[in-house]
Amino acid sequence: MDLGVRWKLHGDGRTPAPGAVVRPDERLSWPRTVGLGAQHVVAMFGASFVAPVLMGLDPNLAIMMSGVATMIFLLATRGRVPSYLGCSLSFVGVAAVIRAQGGTSATVTGAVLVVGVALFLVGLAVQRFGARIIHAAMPPIVTGAVVMLIGFNLAPVTASTYWPQDQWTALLVMLFTGLAVVCLRGFWSRIAIFLGLVFGYGISWAFDQIFGRIHSADPSGKLTDHWRLDLSGVSRADWIGLPSFHGPSFQWSAILVALPVVIALVAENAGHVKAVGEMTGDPLDDKLGTAISADGIGSVLSTAVGGPPNTTYSENIGVMAATRVYSTAAYWAAAGFALLFGVCPKFGAVVAAIPGGVLGGITVILYGMIGLLGAQIWINAKVDLRNPLNLVPAAAGIIIGVGNVTMKFTDTFSLSGIALGTLVVITGYHALRAFAPAHLKQQEPLLDEGTSSYDTEADGTEADRPAPGAKS
């Protein structure tokens, strides 16, 4: 069986030929391949560092399991889809809601494990029936609205938890990170979040030396005098050791909060597979379902031992585009580096020491970008918000999700925020569509432009072609 772990040497093994790319089944010389793997790890560091910290999970375990998930993904896709699976930021809001309801780390990972199982099943369904079933249930107006409310639901976390810990550091980090994203080019722009973290560490240390302790809220919310950058845990940490593991705990209230994120993960995977296929010139439509299932399996394994969920990373797509190297050998090297970092507690202590003000500045941009990805989905699909069939359910669901509106059904069961907003968008859209006049329905194609080709089979039969009005 071909597992995609054999690579042909590309050219002289040094650089791609002019106008050529290093394909997934090719590689450069091993030293260069290992170097590219290290570059991929750095590219995903920023978000993969921040996400587990924001979710209250062990960053060492997060990095280690991202390496494991990446290996599983590469094996499952037979080395045809170059991708790194890092900690998913889509679950940060979910974790915050679950913890606000009294949930523990085990509750968070238990809820997310169920999402991983659901994602795996969605992948199997896509393999069997094609992407049409996804877009029939979740057209672009629904997907965009859910992604948007997931991102914007996080705004109170920044405003009430991180920013007040050190507002001036947060402001400077926000400005620096924004400049890095906009003004830097190529690889450096892809690691803007990581550069923002490094800048924030430096500013926090400098402010401690110049101004001394700060009187502000600590991570628990209590007003105290404390150092902005406390590295005492780094000196106590060992150089080598296993991360902390824990088992999941399952609660229905937490699971219902987490399940809507499946929509965001499906959209991420579909976009990633299509983008990589276009860049490499190798149509990967047949691997969409496999990629989604592999993502689900990786998340299940990670959360089963106490780690965060994983998803494909756009930062690494940027690295591939800049280097023109799509070799999966580089991703195997990256996964190996992640495993090594995972068994270094001192590395995890450095990550855990990120000052609250630094997180405040970064999350202002990061959370907003997550939310605006929903608007990007609408733009790409040419969603018409003048159509009330689109406007009404999206508007209602977003306000419910962002405002954290709560519906209490019994003394022990309620829906709020992300879960309730998602339910309103999905059920509201399909209910209104059932009663809407024909002229409103005709403006909404079944499949969006980004993934309609996934349902076109080689035989070209009418049943397999996109619905009327869809673009291929």
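1. Considerations on a nonpolar patch on the surface
- Together, Leu 385, Leu 391, Val 392 and Leu 432 line one region of the surface with nonpolar side chains, adding up to about 300 Å² of accessible area.
- Structurally, the position occupied by Leu 432 is in helix 20 (residues 417–435).
- Looking at Leu 432, the relative accessible area reads 37%, which means it is partly exposed.

2. A few points about the side chain of Ser 29
- Its place among the elements puts Ser 29 in the loop between strand 2 (26–27) and helix 1 (30–55).
- Leaving out residues up to four positions away in the same chain, Ser 29 has contacts with Leu 9 and Gly 13.

3. Some remarks on the pattern of salt bridges
- Tallied over the full model, the rule gives four salt bridges.
- A salt bridge links Asp 25 to Lys 8; its shortest N-O distance comes to 3.9 Å. Of the two residues, Asp 25 is situated in the loop between strand 1 (8–9) and strand 2 and Lys 8 in strand 1; the sequence distance between them amounts to 17 residues.
- Here Asp 25 falls in the partly exposed class, since its relative accessible area comes to 35%.
- The partner of Arg 386 in a salt bridge is Asp 384, with the nearest N and O atoms 3.0 Å apart.
- The class of Arg 386 is exposed, set by a relative accessible area of 72%.
- Three or more residues joined by partner-sharing salt bridges are found here, namely Asp 166, Asp 208 and Arg 228.

4. Examining the packing of helix 6 (residues 140–152) against helix 20
- The interhelical angle for the contact between helix 6 and helix 20, taken along N-to-C directions, is 165°, at an axis separation of 10 Å. Considering the angle they form, helix 6 stands roughly antiparallel to helix 20. Regarding helix 6 and helix 20, the two cross each other, and that crossing is right-handed. From helix 6, Ile 141, Val 142, Ala 145, Val 146, Leu 149 and Ile 150 reach across to helix 20, where they touch Ile 418, Gly 421, Thr 422, Val 425, Ile 426 and Tyr 429.

5. Brief notes about the environment of Ile 193
- With respect to the secondary-structure elements, Ile 193 resides in helix 10 (residues 192–211).
- Its relative accessible area of 13% is what places Ile 193 among the buried residues.
- As for Ile 193 and Ile 362, which are separated by 169 residues in sequence, their C-alpha atoms are 7.0 Å apart.

6. A look at the side chain of Thr 158
- Tracing the backbone shows Thr 158 in helix 7 (residues 155–162).
- For Thr 158, a relative accessible area of 7% puts it in the buried group.
- Beyond its immediate stretch of four places on either side in the chain, Thr 158 contacts Trp 163, Pro 164, Gly 360, Thr 363, Val 364 and Tyr 367.

7. Comments concerning unusual backbone geometry
- Unlike most non-glycine residues, Arg 78 shows phi in positive territory, near 55°.
- In this structure, Arg 78 sits in the loop between helix 2 (59–76) and strand 3 (85–87).
- The phi dihedral of Lys 382 falls on the positive side, at around 55°, and the residue is not glycine.
- Tracing the chain through its elements places Lys 382 in the loop between helix 18 (356–381) and helix 19 (388–403).

What counts, and at which threshold
- Residues numbered from 1 in each chain as written.
- Predicted model: local features only at pLDDT ≥ 70, side-chain atom pairs only at ≥ 80, totals over all residues.
- Heavy atoms only, no water.
- Patch = residues over 30% accessible without salt bridge, like charges linked within 9 Å, V, L, I, M, F, W, Y side chains within 5 Å.
- Areas by Shrake-Rupley, 256 points an atom, 1.4 Å probe, with all protein chains shown as cover.
- Salt bridge = Lys/Arg side-chain N within 4 Å of Asp/Glu carboxyl O.
- Helix = DSSP H or I, 4+ residues; strand = E, 2+ residues; numbered from the N terminus.
- Buried < 20%, exposed > 50% of the residue type's maximum accessible area, 1.4 Å probe, protein only.
- Contact = heavy atoms within 4.5 Å.
- Axes fitted to C-alpha atoms, helices over the stretch in contact; angles between N-to-C directions.
- Parallel < 35°, antiparallel > 145°, perpendicular 65-115°, else oblique.
- Left-handed = near helix turned anticlockwise from the far one by under 90°.

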